[in-house]
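Chain and residue survey
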Amino acid sequence: MNEDSPASPAPEQASTDTPISMEEQTIPAAEATVENESVAANESVEADLASLRQENEVLRGQYMRIAADFDNFRKRQQRETEDLRLQLICSTLSEILPVVDNFERARQQLNPEGEEAQGLHRSYQGLYKQLVDVMKQLGVSPMRVEGEAFNPSLHEAVLNEPSDKYPEDVVIEELQRGYHLDGRVLRHAMVKVSMGPGPSGETNDSNSDAATAEAEGNN
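Residues numbered from 1 in each chain as written. Predicted model: local features only at pLDDT ≥ 70, side-chain atom pairs only at ≥ 80, totals over all residues. Heavy atoms only, no water.

**Some points on the overall build of the protein**
Applied cut-off: Secondary structure elements follow DSSP: runs of H or I no shorter than four residues count as helices, runs of E no shorter than two count as strands, and numbering proceeds from the N terminus. Type-normalised accessible area, obtained with a 1.4 Å probe on protein chains alone, sets the label of each residue: buried when under 20%, exposed when over 50%, and partly exposed for intermediate values. It only takes one pair of heavy atoms within 4.5 Å for two residues to be counted as in contact. Exposure was quantified through the Shrake-Rupley algorithm and a 1.4 Å probe, taking into account, for residues, occlusion by the shown protein chains and nothing else.
Scanning the protein from N- to C-terminus turns up 3 helices and 6 strands. Going residue by residue from the N terminus, the α and β elements of the protein occur as α-α-β-β-β-β-β-β-α. Out of the 219 residues in the protein, the part that is buried amounts to 16%. At a minimum sequence separation of 6, the contacts of the protein that also span at least 24 residues come to 64%. Summed over all atoms, the accessible surface of the protein reaches about 17500 Å², with 52% contributed by carbon and sulfur.

Encoded structure:
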């Protein structure tokens, strides 16, 4: 071997850096894309959820208003039905009350004599009691007005006269009975109302005039 021959070149030193493939370069980008898409999806879901909540509140408000309107309508219908029922009852009873008045007048005027008349009177009294009981069952009650202060919402003043027994504006006599129906006026009572005591000395003057006339007559 010739010692003078040039030495063969040493093999090049292997590089320590490994080249990055295209696939490895695209992984971070893909992960970022997936993360962005996930964030966008979450935001979309939250937006949809907020929209659904808002829509739910709107529908809930509409439901509550409809329910309140229906409840008011139901109550109004009940009141109107009750008012109509009472109007019909009042109208019917108003036609019956004159019959009750006639029964009452006849009862006060009857003075039966003899067994047959007394039997007829008892039958009449039984019929009158049945009529009164029916009126009570319907909620009708008579007014008691004598001695009460005059009240135009309950009484109808037909006559006024002086009275030493009652003060002014007090009912002194019932001329036609009034009736209530479940607390409301079915018919006003026709009454005579006191004007209070007459002018002072009127009674004494009358007595003096009568005494004078009697004395003159004796003479």
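**Description of helix α2 (residues 115-137)**
Which entries qualify depends on this criterion: How far a helix is expected to stretch is found by multiplying one less than its residue total by 1.5 Å.
Between its first and last C-alpha, α2 extends 33 Å over 23 residues, near the 33 Å set by a 1.5 Å rise per residue. Those residues of α2 that fall on the buried side of the exposure criterion are His 121, Tyr 124, Tyr 128 and Met 135. Gly 139, located one to two residues past α2, shows a positive phi value of around 95 degrees.

**Here's the deal with the pairing of strand β6 (residues 189-194)**
Rules: Pairing between strands is defined by DSSP: at least two bridges between them are needed.
For β6, the tally of buried residues reaches 5 of 6 residues, placing the bulk of the element in the interior. As judged from the 6 bridges shared by strand β2 (residues 155-161) and β6, these two strands associate in the parallel manner. Looking across to β6, one finds that Glu 161 is bridged to Ser 194. One ladder, built from 4 bridges, connects strand β3 (residues 171-176) with β6; its direction is antiparallel. The partner of Glu 173 across the bridge, within β6, is Lys 192.

**Brief notes about the layout of surface pockets**
The following threshold applies: Put simply, the grid is 1 Å and covers the protein atoms alone, a cavity is a trapped set of points that fit a 1.4 Å probe, a pocket is an open set with protein on both sides within 12 Å along at least five of seven lines, and lining residues have an atom within 4 Å of a point. Grid points are joined across faces, edges and corners, and a volume is the space filled by probe spheres set on the points. Residue polarity is assigned by list, with Asp, Glu, Lys and Arg as charged and Ala, Val, Leu, Ile, Met, Phe, Trp, Tyr, Cys and Pro as nonpolar; anything else, Gly included, falls into the polar class.
Estimates place the volume of the largest pocket at around 230 Å³. Taken together, Val 100, Asp 101, Glu 104, Arg 105, Gln 108, Glu 174, Leu 175, Gln 176, Arg 177 and Tyr 179 make up the lining of the largest pocket. If you list the elements that add at least two residues to the lining of the largest pocket, you get α1 (22-109) and β3. The element contributing the most residues to the lining of the largest pocket is α1, with 5 residues. Its residues placed into classes, the lining of the largest pocket shows 3 nonpolar, 2 polar and 5 charged. Every residue along the wall of the second largest pocket is listed here: Val 100, Tyr 128, Val 132, Met 135, Lys 136, Val 140, Ser 141, Pro 142, Arg 144, Arg 177 and Tyr 179. Tallying contributions element by element places α2 first for the lining of the second largest pocket, with 4 residues. Tallied by class, residues from the lining of the second largest pocket come to 7 nonpolar, 1 polar and 3 charged.

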